[in-house]
Every structure is written in structure tokens, then in C-alpha cells.
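Results of the structural survey
For reference, the chains in residue letters:
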Amino acid sequence: MTRLPSLPNRIGTVASPRMALPTLLAAGLLAAGPLAFDLVAQEILIRRGTVVTAEGRFDADVRVRGGTIVEIGTGLAAGAGARAIDATGLLVMPGGVDPHVHLGGSTRDDYRTGSQAALAGGITTISNFAWNTNSSGYWRPGAAEGRTLAQAIEREAALIREQAIADVILHAGITPETQAGQMATLPAETGQTSTKIFMVWTVFDAAVPDYMATLDAAGRNGILTMVHCEDWPILAHAVGELTAAGRTSLEYFPDSRPVLAEVVATHRAVAMAEATGAPIYAVHVSSEGALRVLRDARNRGLSVFVETRPIYLHFTRERFEGPDRGLYVGQPPLREQHDQDALWAGIASGSVDVLATDHVAYRRDEKMDPSQTISRHRAGLNNLQVVRPMLYSEGVVQGRISEERFVAVTSTNAAKLFGLYPRKGTIAVGSDADIVLWDPDETRTIRDEDMFSGAGFSVYSGWEVTGWPVMTLRRGEVVYEDGEILAGAGSGRLLRRGRWQAP
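Values in this document were obtained by computation on a predicted structure and should not be read as measured data.

About the cut-offs
- Residues numbered from 1 in each chain as written.
- Predicted model: local features only at pLDDT ≥ 70, side-chain atom pairs only at ≥ 80, totals over all residues.
- Heavy atoms only, no water.
- Helix = DSSP H or I, 4+ residues; strand = E, 2+ residues; numbered from the N terminus.
- Buried < 20%, exposed > 50% of the residue type's maximum accessible area, 1.4 Å probe, protein only.
- Contact = heavy atoms within 4.5 Å.
- Salt bridge = Lys/Arg side-chain N within 4 Å of Asp/Glu carboxyl O.
- Pairing = 2+ DSSP bridges.
- Expected span 1.5 Å × (residues − 1).
- Right-handed = clockwise from strand over helix to strand, strands pointing away.
- pLDDT = per-residue confidence, 0-100.
- Axes fitted to C-alpha atoms, helices over the stretch in contact; angles between N-to-C directions.
- Parallel < 35°, antiparallel > 145°, perpendicular 65-115°, else oblique.
- Left-handed = near helix turned anticlockwise from the far one by under 90°.
- Nonpolar A, V, L, I, M, F, W, Y, C, P; charged D, E, K, R; others polar.
- Core = buried A, V, L, I, M, F, W, Y, C linked by side-chain atoms within 4.5 Å.

Attention now goes to the overall build of the chain. The number of helices and strands found in the chain is 15 helices and 17 strands. Taken across its 503 residues, the chain has 60% of its residues classed as buried.

If you want it as C-alpha cells, here you go:
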């Protein structure tokens, strides 16, 4: 298994084995049963750290027992047999929540490798999409057509039980074949309370009444609808014009998906939300124009929420002028510097609610395939392992955002919007002990060989980054420490969720 470079050992222990439970079991050193359960449920006391939440920061000790935070205070004493962790100089933050991840299908990450990448980056809850028809590039081969959304979710749940290490939420993929009537039973039957609509699909315009009915029913049943906002007719026109001019290479990819297509679709999505009263969550917002539409809608009192993704914060369209342009293909594409500036300002001001990866794992050779064109390409980048370190380094360290906003956009706001708060997304008594010990001064260079993702590389390789997780706890179990994943596949859980909350 890939390992990260050894870090300075700043974390002390008291009466606690360093080997993780799955390692002990596999080695035959521990029998499954009550003793194994006691090890997982062991008390952990995190001492002398600086707790950071979306609301503020304070120095405190944090006691964990049975997978839950049971006490926060100062000068707490460790109980007999407890593991005491010295967090002096470290930040104690909630585990990240990434509500926009693509796993399986033709991509290189499943729930196991995706979990490993996430946990190494301080993310304890990831996500995926469940489809009941073959309308998505992430469709699983062999899955039967015509299944209900509940059946599609159960298919994914079986894989989660087998593979996941991080905890997981699922979004029901909405297609023209999906009936609005399923929205009434989805929350109770599956415990999942979010869906996704792709306005970019060629079938969208012909099926707008069906999509509207489903959006309306989702809103009435406490379900948040995610929306991919790009207008297909405008995209088709742009691709046609470029093709006629012989400009089909990836050099012209940004021109094939103009900002206008995103802005028009965003206007339409807002209108659908206003007409139905349903909440919407605009995924991977890439442009200043689209952000302005969403901000204005929220100022008018609409339940409209905004996600952006890391590639828009760290790269601009100039990347398509270089020989490795295939690495940066995503939908929507990279934009101009003023768009990037607007997104950073939106994170700082609160008009951007969530930073999510839209993680898609392809190998470097797949992303660099020279046969790709503006209409046939592999879109998406793997980001789970470095999204939080990159945001901390480029955001907090550079003075663009506060530590509190860092926690809000990578954890708390997503936990609220996707029905997990306060179980997830905060450091509070009664919350799951999803905790990341973060070294704000650790400076490290991103390297391909350190990546846990099945993609095997990072588009940020060579970047010097300050601020890294040194330990990750998921429900009170140390699952990542000193560059190693310490928990086994199948220890993650599919989480049942409640109704969305506004951040």
C-alpha cells in the first residue's frame, strides 16, 4: 500500500496499542468479539489543542468515548486505559464532508480507494450517486434498467458495506424516466435526502415538465436537489461552430463550453426553484456570472445554495495552452482570472457555501489520451486527498479566508445542507467523533507517489503546501496517522440523513 513520508512524531499515547484493529485481526493477534469492540470503543482524550469550528476557535481538551464526543473542557484527566493525545500546536477540526464525489463505473476509485484518499486528506464523509437507468457515465455495468431509486441505493449500499472506510451519503440520480412519486417515499425508505438533475443532458429540454414535477415533489418532501447548470443548446452551438472551423482539439475546450451556457442554465434553475418553492444546490459553479445569479436569487429569499470546486480556485483557462491540457478537462471548464477572484471572494463572504471536489479518478494516461476532442473527452479530476490542504494553504495561510470559513465550506455547511448536522460537521458534545488533528505549520510538497487514489497522480504534484492533517478519527477510531490508513474496508457506513438545513 502507498505510504506518505514519515512525519515528526508529535502525538503521544498512554496505554494504547499503535496497531489498528483490522491489522490486529488480520495478524491473528486479536480475536473478533467483545475485546475487539472494546478496542474500537476505547476512550481517547485529545489534550491542549485549538478547537476550530465554523463559529469560532478556542483552546480545549476533547474527550471521545464510544465513537462520540462526550466532553469538551480544559484540564480534563484521562481515564484508565485511555489513549491521551498531545495536540499542542495542532488544530482540532471536524472531519471534512464532501457531498460531490463520483466513484465506481469506468473510473479508477471505488469506495475503498476513494475512502483512503479522503481520510488522508482529513475528509471523513464522502458521497456517490445512485442511478436506476443507464443515463449516466457512472452507470455500473450489469445493473438492470427500470429499478426504483430505492433499489439503486440498495445496490450502492451493498458495495459500501463491502468497501467503504469513510462514511458515505448517496444522491439519487434523476432522469426523465424517474417518477416524481418516488420522492414521497425516498427519505423514509432509504434514509437519503438529496437528488441530482443534469440540465446539460440532451434530454433535459424535452423533459422539463417531468423534471419540474420531480423537483416540486422533492421540495415538498424535504429533499435537496443538486443541479448541474449548463445549457445544452448553447453548448451544441459552440461545438458546432468550432467543429466547422476545424478547432476540435482540447486547446479549444473552454470555448466549447462558454460562460453563457452556465449563466443561462443557472437562470433557468433559479426560475424552477422559484416556481416550485423547492431548494436547489448548484454544483461546481465556475464563473462570476453564474455566482452573481445565485447570489441575487438568495438575496430575494430563495433557498438557493452554491458549491464550487478546487480546480477553479487554483487554475485558469491558460492551462489549456500547454501540452498537458488534458489533465485539466472538467465540466464546466476552467475560467478567467476574474472568475477565480470572484469565487475566492464568495468563499470569504459566504455567498459560496461549499467547496466540494467533484472527484473523478482517471489515470494520467487516460487524461492525456491524444484522441480526445471538445466533444469526446474524459472530464473530471481526482481531488479528495488534497482539497483541504490546498484550501488551507492557498486560503488561510495566504490570508484570503479565516480558519472558521475553512471549516464551514469543507465540513459544516455540507453537513447542514445534506441532513447530517450536528452529527457531522462540528466539534460538539454528542456529535460523532469525526476529528482531524491539523498541523497548520507542516509544509510538504505534493507528490504523485503519495496519492492513495487509484488515479495514481495529482494534478497539483510539485506544489508546496502548508497545513496538513496528521491524524484523522472517524467515529472515534483513528483511521489515518503518520501517513498510513489504519482501518479496513467495510468499516465505513451509509449514513441515514434528515431534512436539509440552510447554513
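From this point, things continue past the structure.
Bringing the environment of D205 into the picture now. Positionally, D205 belongs in the loop between strand 9 (194–198) and helix 6 (208–220). Sequence separation between D205 and P233 is 28 residues; the distance between their C-alpha atoms is 8.9 Å. Ignoring anything within four residues of it in the chain, the contact list for D205 reads P233 and R268.

Turning our eyes to something else, we now look at the pattern of salt bridges. Enumeration over the complete set of coordinates arrives at 32 salt bridges. Where R108 meets E366, a salt bridge forms, and the shortest distance between an N and an O atom there is 2.4 Å. Of the two residues, R108 sits in the loop between strand 6 (96–97) and helix 3 (111–120) while E366 sits in helix 13 (residues 364–367), which places them 258 residues apart along the sequence. In this structure R108 comes out as partly exposed when scored by relative accessible area, which is 36%. Taking the shortest distance from any N to any O, the salt bridge between D432 and R423 comes out at 3.0 Å. One network of salt bridges, with partners in common, ties together D167, R423, K424, D432, D434 and R475.

With that out of the way, let us pick up the pairing of strand 16 (residues 477–481). Most of strand 16 sits out of view: five of its five residues are buried. As paired strands, strand 15 (residues 464–474) and strand 16 are joined by four bridges and run antiparallel to one another. Bridging across to strand 16, L473 finds its partner in V478. In sequence, strand 15 turns back onto strand 16 through a hairpin of two residues, with R475 there showing a positive phi of about 50°. Taking the residues that link successive antiparallel strands as the turn, the strand 16-strand 17 (residues 484–485) hairpin has two residues, and the phi of D482 there is positive, at about 50°.

Turning next to the side chain of T125. Relative to the helices and strands, T125 is located in strand 7 (residues 123–130). A relative accessible area of 1% places T125 in the buried class. T125 has contacts with G96, V97, D98, D167, I169, L420, K424, D434 and L495, leaving out every residue within four places of it along the chain.

In a regular helix each residue adds 1.5 Å, so 15 residues correspond to 21 Å; helix 4 (residues 149–163) covers 21 Å between its end C-alpha atoms and thus fits that length. Looking at the buried residues of helix 4, the elements they touch are helix 3, strand 7, strand 8 (167–173) and helix 5 (186–190).

Before going further, it helps to spend a moment on the pairing of strand 10 (residues 224–228). Of all five residues in strand 10, five are buried; the element is thus mostly enclosed. Every second residue of strand 10 is oriented toward a common face, with L224, M226 and H228 on one face and T225 and V227 on the other, all of them buried. Judged from the five bridges that link them, strand 9 and strand 10 form a sheet pairing that is parallel. Bridging from a neighbouring strand, S194 pairs with L224 of strand 10. Read from strand 9 through helix 6 to strand 10, the crossover connection turns out right-handed.

Turning our eyes to something else, we now look at the environment of F198. Mapping F198 onto the fold places it in strand 9. Every residue in contact with F198, bar those within four places of it in the chain, is listed here: W131, F204 and H228.

Our next topic: the confidence of the model for the chain. Regions with low pLDDT should not have their predicted coordinates read in detail. The predicted model of the chain averages 91 in pLDDT, with 89% of residues at 70 or higher. Note that residues 136–144 has pLDDT below 50 and, in this model, 25 contacts with residues that lie over four places away or in other chains.

Taken N-terminus to C-terminus, the directions of helix 6 and helix 9 (residues 259–276) make an angle of 55°; their axes are 10 Å apart at the nearest point. One finds that helix 6 runs oblique with respect to helix 9. As helix 6 runs across helix 9, the sense of the crossing is right-handed. Every residue of helix 9 that contacts helix 6 at V208, M212, L215 and D216 is listed here: R268, M272, A273, A275 and T276. A per-class count over the contact of helix 6 with helix 9 returns six nonpolar, one polar and two charged.

Another point: the nonpolar core. Ranked by internal contacts, the top residues of the largest apolar core, which has 124 residues, are I126, Y281 and F406. Residues within four places of I126 in sequence aside, it is in contact with D98, V101, L103, G114, S115, A118, A166, D167, V168, I169 and L384. If you look at the next biggest cluster of nonpolar residues, it comprises 20 residues, including I44, I69, L90 and I427.

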